[in-house]
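The residues making up each chain are set out below.
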Amino acid sequence: YTPQTGLWDAIGERITLYMCERLGLSLEAARALRLRYRQQYGVALAGLLAEHAISPDDYLAYVHDLPLPDYLKPDPQLNAMLSRLPLTKAILTNADADHARRVLEQLGIARHFETIIDIRVLGFVNKPRPEAYERALALLNAQAQECVLIDDLPQNLGPAQALGFITILVSHGRGNGRPPLGVDYQVESILGVERVIAGLLGQVR
């Protein structure tokens, strides 16, 4: 889903509120700590697990407790594009599988993904840590050179590219036209992925 849906911002607000309630922090202090955790650990959950005795189950349930229909609706174009891509498709997420399934169902695309590799399956080793991608490859029984990783955060793609993944950044219109370091291809929307995949497969579209 795109930033314009508001869902990521809503999850971010839930993360901040969680830190306020569970750690007894002011709103300002929670925001500052969340920023430090994102910079230092990649995600807030990793920082909370490293520095506080929190329950990851409690955290994941709290931050994803949102009415998804208020933010997402079925996406027929995305569904059709995924139908045309002749590749095995998997989800690799720093969230939990329950949240990922709810999102996929709400978008109407769940049928395309046989595998969800979530933060629990990864042993709470999150993107962009190289170990997360190595564990994902082991779970998929795949080599990095066989895989295309699609993400909308550049920092999640560089470590994967270094392992051999082909990387595609979905910029949501925020890019300057040239892929940043660690990115092989850049597209403005997720629908642009089809053209890149077609080229990689030697097709003309």
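Residues numbered from 1 in each chain as written. Predicted model: local features only at pLDDT ≥ 70, side-chain atom pairs only at ≥ 80, totals over all residues. Heavy atoms only, no water.

Trainee: What is the right way to read the packing of helix α1 (residues 7-23) against helix α2 (residues 27-41) from this model?
Mentor: Each pair of packed helices gets described by two things: the angle between the helix axes and the distance between those axes. Contact pair α1 / α2: the axes reach a minimum separation of 9 Å and the direction vectors enclose 115°. Relative to α2, the element α1 is oriented roughly perpendicular. Handedness of the α1/α2 crossing: right-handed. Counting all contacts with α1, which are made through Trp8, Gly12, Ile15, Thr16, Met19, Cys20 and Leu23, the residues of α2 involved are Leu27, Ala30, Arg31, Leu33, Arg34 and Tyr37. Each residue belonging to the contact of α1 with α2 can be placed in one class, and the counts come to 9 nonpolar, 2 polar and 2 charged. (Axes fitted to C-alpha atoms, helices over the stretch in contact; angles between N-to-C directions. Helix = DSSP H or I, 4+ residues; strand = E, 2+ residues; numbered from the N terminus. Parallel < 35°, antiparallel > 145°, perpendicular 65-115°, else oblique. Left-handed = near helix turned anticlockwise from the far one by under 90°. Contact = heavy atoms within 4.5 Å. Nonpolar A, V, L, I, M, F, W, Y, C, P; charged D, E, K, R; others polar.)

Trainee: Would you mind showing me how to read unusual backbone geometry here?
Mentor: With the exception of glycine, most residues fall at negative phi, and the peptide bonds are largely trans. In this structure, Pro128 follows Lys127 across a cis peptide bond, with omega equal to 10°. Residue placement: Pro128 occurs in the loop between β2 (115-117) and α7 (130-140). A positive phi angle, near 60°, is found at Phe124, a position not held by glycine. If you trace the backbone, Phe124 turns up in the loop between β2 and α7. Owing to a relative accessible area of 26%, Phe124 belongs among the partly exposed residues under this scheme. You will see that Asn141, though not glycine, has its phi angle at about 55°, which is positive. (Buried < 20%, exposed > 50% of the residue type's maximum accessible area, 1.4 Å probe, protein only.)

Trainee: Got a minute to help me understand the packing of aromatic side chains in this structure?
Mentor: For any two aromatic rings, the description comes down to two numbers: the centre-to-centre distance and the angle of the planes. Per the counting criterion, the structure on display carries 4 aromatic pairs. Each ring, one from Tyr18 and one from Tyr59, has its centre 5.2 Å from the other, and the planes form 85°; the classification is edge-to-face. Taken as a pair, Tyr18 in helix α1 and Tyr59 in helix α4 (residues 56-63) lie far apart in primary sequence, 41 residues in all. Measuring from ring centre to ring centre gives 6.0 Å for Tyr133 and Phe165, while their planes differ by 65°; the resulting arrangement is edge-to-face. With Tyr133 in helix α7 and Phe165 in the loop between α8 (158-163) and β4 (166-170), this pair connects stretches of sequence that are 32 residues apart. For the pair Tyr133 and Phe165, one class covers both residues: buried. Each member of the aromatic cluster is reached from another via a ring pair, and the members are Tyr18, Tyr59 and Tyr62. Here the guanidinium or amino end of Arg14 rests over the ring plane of Tyr62, the centre of that ring lying 4.1 Å away. (Phe/Tyr/Trp six-rings, centres within 6.5 Å; stacked < 30°, edge-to-face > 60°. Lys NZ or Arg CZ within 6 Å of the ring centre and 35° of its normal.)

Trainee: What is the right way to read the pattern of salt bridges from this model?
Mentor: It is possible for side chains bearing opposite charge to pair when their charged atoms get close. Scanning the entire structure with this criterion turns up 10 salt bridges. Of the charged contacts, one joins Asp57 and Arg120 as a salt bridge, the two residues approaching to 2.6 Å between their closest N and O atoms. Of the two residues, Asp57 sits in helix α4 while Arg120 sits in the loop between β2 and α7, which places them 63 residues apart along the sequence. Residue Asp57 is classed as partly exposed on the basis of its relative accessible area, which comes to 45%. Measuring nitrogen to oxygen at the nearest pair gives 2.7 Å for the salt bridge that ties Glu194 to Arg84. Residue Glu194 is located in helix α9 (residues 193-200), and its partner Arg84 is located in helix α5 (residues 76-84); the two are separated by 110 residues in the primary sequence. A network of salt bridges, in which partner residues are shared, links Glu21, Arg22 and Asp58. (Salt bridge = Lys/Arg side-chain N within 4 Å of Asp/Glu carboxyl O.)

Trainee: In this structure, what is going on with the side chain of Arg34? I would like to understand it.
Mentor: Mapped onto the elements of the fold, Arg34 is located in helix α2. Buried charge Arg34 goes without a salt bridge, the closest partner of opposite sign being Asp9 at 7.0 Å. A polar contact is formed between the side chain of Arg34 and the backbone oxygen of Gly12, at a distance of 3.4 Å. Residue contacts for Arg34: discarding those within four places in its chain leaves Trp8, Gly12, Ile15, Thr16, Met19 and Ala44. (Lys, Arg positive; Asp, Glu negative; His and termini not counted. Polar contact = N/O pair within 3.5 Å; in protein donor to acceptor, adjacent residues only side chain to side chain.)

Trainee: I'm lost on the sheet that holds strand β3 (residues 148-151) in this one. Help?
Mentor: What links the strands of a sheet is backbone hydrogen bonding, and the strands pair in either a parallel or an antiparallel sense. An order of β3-β4-β5 is seen for the 3 strands of this open sheet, with the pairing classed as parallel. The open sheet terminates on both sides in strands that have one partner only, identified here as β3 and β5 (185-187). Looking at each pair of strands side by side, their axes are set apart by 20° on average, direction ignored. Direction of pairing for β4 relative to β5: parallel, over a ladder of 3 bridges. In the strand pairing of β5, Leu169 is matched with Gln186. (Pairing = 2+ DSSP bridges.)

Any link to function would need more than the numbers given here.
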